[in-house]
Amino acid sequence: IEGQGVEGLAWERGEADWRDLAEAKAGEDPELCSDPRCAAALDIFGGSLAIPIKIHEGRHHHEHVVAVVVLYSFSFDRLNNTPPGYVPTVGRDLARYVQDSMSLCVQLHYTESEWKTFKPGILVPQLDNHQAPHISSPVSSADFPEAPPPAPFLITFFKKMRGQKASPPKPNSAEFCLVTFIGCFLSLLALSATQEALRHHLFNDEEMVLLIGSFGALATLLFAAPVAPLAQPRVVIGGHLISASVGILADYLTNDDYLGILPQWVASALAPALAISLMAATGLTHPPAGACSLIYISGNDRIKSLGWLFVVSPVILGSLMMLGVALIVNNLSKHRKYPLFW
């Protein structure tokens with residue numbers, strides 16, 4: 001299934017996919033721990049490398065994935081260390097070698113009777129002439145069944161709502177839940193305590209905003225899904241910067257002191273939609289940040305009085321404090337590694 005399991009993720013993304021199966025076995029890889037088909041592999045192997053096999057189709061040579069090869073290793077580290085007798089290349093070079101040479105490695109050998117038996121279930125990729133698979137008997141276009149007509153749009157549309165037969169996430173281990181609790185509690189406690197201290201000592205008991213609703217969602221990602229790409233530092237900071245800035249700019253369109261050309265109820269939908277689209281366009285999609293623009297554009301006078309200071313505090317200051325706690329708590333656990341990238 002596309003997007004599910006080791007092979008499904010590589011198929012969906014169209015690029016080589018490395019996986020530390022020990023993390024998945026410990027329930028720390030949310031993309032794999034919910035896939036029951038991986039259970040046997042998790043019990044035996046320590047790492048996997050899934051390599052999509054692509055062909056070029058159409059006039060514009062559009063790349064299309066037709067198969068995925070999965071290599072397993074008893075140790076995740078072995079995927080980056082060449083054992084004796086193996087292909088003398090490592091890392092992404094290994095993936096490229098296998099992908100480029102696959103058409104040379106695979107040949108089809110069928111007798112005439114076997115061909116009639118197996119041809120209905122075979123997907124034959126469109127290869128170049130020098131890469132065409134060897135078949136012992138001549139094949140014509142009449143050998144292949146005609147493709148069924150496409151299903152009506154509404155039927156296809158509603159069939160998608162039946163689900164893709166993927167398994168829901170399984171409960172995590174007690175250790176995983178304990179580390180998640182500690183990380184969430186300490187990070188939010190740090191924000192709450194800092195807000196209380198600054199309110200008393202610097203703001204003369206006036207309200208000081210540091211703890212906002214989106215940080216609850218951020219804590220969920222940082223400590224319940226630390227291996228998720230959406231939880232990495234670059235995405236956290238970049239996503240919040242984009243979203244907070246969009247929320248402030250949208251306020252200029254609604255505030256009568258500035259342009260005042262947009263109704264508040266429209267801006268409350270426009271700001272998050274624009275922020276999320278910009279995050280997607282820049283590769284910095286971060287769900288908690290999507291709430292950040294909504295918090296500002298629909299906030300009270302106290303929130304809006306901050307203006308561009310809202311970007312500094314609570315947004316960036318609060319995000320950095322939570323990232324600091326995540327770096328400490330996640331890496332104190334022997335089953336966690338954070339971050340995956342900066």
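Note that the structure is predicted; figures quoted are calculated from it, not measured. (Residues numbered from 1 in each chain as written. Predicted model: local features only at pLDDT ≥ 70, side-chain atom pairs only at ≥ 80, totals over all residues. Heavy atoms only, no water.)

Across its full length, the protein chain carries 13 helices and three strands. When the accessible surface of the protein chain is summed, it comes to about 20100 Å², and 62% of that surface belongs to carbon and sulfur atoms. (Helix = DSSP H or I, 4+ residues; strand = E, 2+ residues; numbered from the N terminus. Areas by Shrake-Rupley, 256 points an atom, 1.4 Å probe, with all protein chains shown as cover.)

Our next topic: the nonpolar core. If you look at the biggest cluster of nonpolar residues, it comprises 28 residues, and the most contacted ones within it are L222, F223, F310 and M322. Those elements that provide at least two residues to this core are α7 (174–201), α8 (214–224), α9 (233–254), α11 (287–297) and α13 (309–332). In terms of residue count, α13 provides more of this core than any other element does, nine residues in total. Ignoring sequence-local partners within four residues, the contact set of M322 consists of S187, L188, L191, F215, L218, A219, L222 and F223. (Core = buried A, V, L, I, M, F, W, Y, C linked by side-chain atoms within 4.5 Å. Buried < 20%, exposed > 50% of the residue type's maximum accessible area, 1.4 Å probe, protein only. Contact = heavy atoms within 4.5 Å.)

Let's shift gears to the packing of aromatic side chains. Tallying each qualifying case throughout the model produces five aromatic pairs. Their ring planes at 20° and their centres at 5.9 Å tell us that F153 and F157 sit as a pair that is stacked. Here F157 and F153 lie together in helix α6 (residues 153–159), a separation of four residues that amounts to about one turn. For F157, a relative accessible area of 37% translates into the label partly exposed. Feature note: the residues F153, F157 and F158 constitute an aromatic cluster, connected by ring pairs. (Phe/Tyr/Trp six-rings, centres within 6.5 Å; stacked < 30°, edge-to-face > 60°.)

This paragraph deals with the confidence of the model for the protein chain. Residues at a pLDDT of 70 or more form 65% of the protein chain, whose mean pLDDT is 75. Confidence drops under a pLDDT of 50 for residues 121–139, and excluding neighbours within four residues, the segment shows 25 contacts in the predicted structure. (pLDDT = per-residue confidence, 0-100.)

At a closest axis distance of 9 Å, the pairing of helix α10 (residues 264–282) and α11 adopts a crossing angle of 155°. Considering the angle they form, α10 stands roughly antiparallel to α11. Relative to α11, α10 is oriented so that their crossing is right-handed. Where α10 approaches α11, its residues Q264, A267, S268, A271, P272, A275, I276 and M279 are matched on the opposing element by A289, G290, S293, L294 and I297. Classifying every residue of the contact of α10 with α11 by side-chain character gives nine nonpolar, four polar and no charged. (Axes fitted to C-alpha atoms, helices over the stretch in contact; angles between N-to-C directions. Parallel < 35°, antiparallel > 145°, perpendicular 65-115°, else oblique. Left-handed = near helix turned anticlockwise from the far one by under 90°. Nonpolar A, V, L, I, M, F, W, Y, C, P; charged D, E, K, R; others polar.)

Bringing unusual backbone geometry into the picture now. Along the chain, S313 connects to P314 via a cis peptide bond; the corresponding omega equals 25°. Residue placement: P314 occurs in helix α13. Residues Y338 and P339 are joined by a peptide bond in cis, for which omega reads 0°.

Moving on to a nonpolar patch on the surface. Where nonpolar side chains cluster on the molecular surface, the patch consists of L178, F181, I182, F185, L186 and L189 and spans about 560 Å² of accessible area. For L186, the position within the fold is in helix α7. Residue classification places L186 among the partly exposed residues on the basis of a relative accessible area of 38%. (Patch = residues over 30% accessible without salt bridge, like charges linked within 9 Å, V, L, I, M, F, W, Y side chains within 5 Å. Salt bridge = Lys/Arg side-chain N within 4 Å of Asp/Glu carboxyl O.)

As a further point, take the environment of L317. Mapped onto the fold, L317 is located in helix α13. C-alpha separation for the pair L317 and I237, spaced 80 residues apart in sequence, amounts to 9.9 Å.

This next bit is on the pattern of salt bridges. All chains considered together, the criterion is met by one salt bridge. Residue K304 pairs with D251 through a salt bridge whose shortest N-O separation is 3.4 Å. Residue K304 is found in helix α12 (residues 301–304), and its partner D251 is found in helix α9; the two are separated by 53 residues along the sequence. Taking relative accessible area as the criterion, K304 reaches 21% and is therefore assigned partly exposed.

Another point: the packing of α9 against α10. Taken N-terminus to C-terminus, the directions of α9 and α10 make an angle of 150°; their axes are 9 Å apart at the nearest point. It follows that α9 is roughly antiparallel to α10 by the angle criterion. For the element pair α9 and α10, the recorded crossing hand is right-handed. In this structure, α9 uses G239, I242, S243, V246, G247, A250 and T254 to contact α10, whose residues at the interface are Q264, A267, A271, L274, A275, L278, M279 and T282. The class makeup of the residues in the contact of α9 with α10 is nine nonpolar, six polar and no charged.

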